[in-house]
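In case you want the letters, here they are:
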Amino acid sequence: MNNNVDNKTASFIECVGGLIIFHDKILLGLRALDSELYPGVWDVFGGHVESGETLEEALSRECREELDITPKNISCIGTFLEPDPQRNGNRRYHFFKITSWSGPGPRLCGLEHSEIQWYNLDDALRLKLAAPEYRKILRENLTL
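The structure presented is a predicted model; accordingly, all values stated were derived computationally and were not measured.

(A) Up close: the overall build of the chain. On a plain count of helices and strands, the chain comes out with four helices and seven strands. In sequence order, the chain lays out its α and β elements as β-β-β-β-α-β-α-β-β-α-α. Against the globule reference of 15 Å for 144 residues, the chain gives a C-alpha radius of gyration of 14 Å, in line with a compact fold. Along the first, second and third principal axes, the C-alpha set of the chain runs to 40 × 30 × 30 Å. Relative to its full complement of 144 residues, the chain shows a buried share of 46%. A sequence separation of at least 24 residues applies to 68% of the contacts in the chain between residues at least 6 apart. Accessible surface for the chain amounts to roughly 7500 Å². Of this, 49% is attributable to carbon and sulfur atoms. Between the centroid of the 16 positive side chains of the chain and the centroid of its 22 negative side chains there is a distance of 4 Å.

(B) Quick peek at the nonpolar core. Core analysis: the largest hydrophobic core is formed by 26 residues, its most contacted members being Leu19, Ile26, Leu28, Phe95, Tyr134 and Leu138. Within the residue set of this core, elements represented by two or more residues are β1 (13-22), β2 (25-31), β6 (91-102), α3 (121-125) and α4 (133-141). When sequence neighbours within four positions are dropped, the list of residues in contact with Ile26 reads Leu19, Ile20, Gln117, Trp118, Tyr119, Ala124, Leu138 and Leu142. Within the second largest apolar cluster, 13 residues are counted, among which are Leu27, Val49, Leu55 and Ile98.

(C) Molecular detail of the environment of Gly18. Locating Gly18 in the fold gives a position in strand β1. When neighbours within four sequence positions are excluded, Gly18 is seen to be in contact with Val44, Phe45, Leu59, Phe96 and Ile98.

(D) Local environment of the pattern of salt bridges. Enumeration over the complete set of coordinates arrives at 11 salt bridges. Here Arg61 makes a salt bridge to Glu53, at a shortest N to O gap of 2.7 Å. Each member of the pair, Arg61 as well as Glu53, carries the same accessibility label: buried. As a salt-bridge pair, Asp123 and Arg126 come within 2.9 Å of each other at their nearest N and O atoms.

Conventions adopted
Residues numbered from 1 in each chain as written. Predicted model: local features only at pLDDT ≥ 70, side-chain atom pairs only at ≥ 80, totals over all residues. Heavy atoms only, no water. Helix = DSSP H or I, 4+ residues; strand = E, 2+ residues; numbered from the N terminus. Rg over C-alpha atoms; globule rule 2.2 N^0.38 Å. Buried < 20%, exposed > 50% of the residue type's maximum accessible area, 1.4 Å probe, protein only. Contact = heavy atoms within 4.5 Å. Areas by Shrake-Rupley, 256 points an atom, 1.4 Å probe, with all protein chains shown as cover. Lys, Arg positive; Asp, Glu negative; His and termini not counted. Charge placed at Lys NZ, Arg CZ, Asp CG, Glu CD. Core = buried A, V, L, I, M, F, W, Y, C linked by side-chain atoms within 4.5 Å. Salt bridge = Lys/Arg side-chain N within 4 Å of Asp/Glu carboxyl O.

Below, the structure is given as structure tokens:
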């Protein structure tokens, strides 16, 4: 997948999210309580696609900004629409599985998340997650 997205003409705000997986565990971040979107819930790492950026470029930039890593082995695993567009706007989320990376992280960078933690599938499914679709995506990409 190598899609350039122009948010000015798209009917959706395009976003990317990375499921960072290592030894059957996923890295999740607790969104800061003052976050504009989904405060105080567990989330994957990612964000908005900037004009002229490919989905992969956006994912790489967001991972550098939030975790100080550069994804190396990625694969697209699905797309879903914002479950509450009246509150959060018309957003389309493109999810990628990340199984290897370079850089000094993962480590918490920036202010979007207040903490990060590795979880196995069972524990991750017990968390208050940012979107209901996460449960299906986690089940399809992790094992117990």
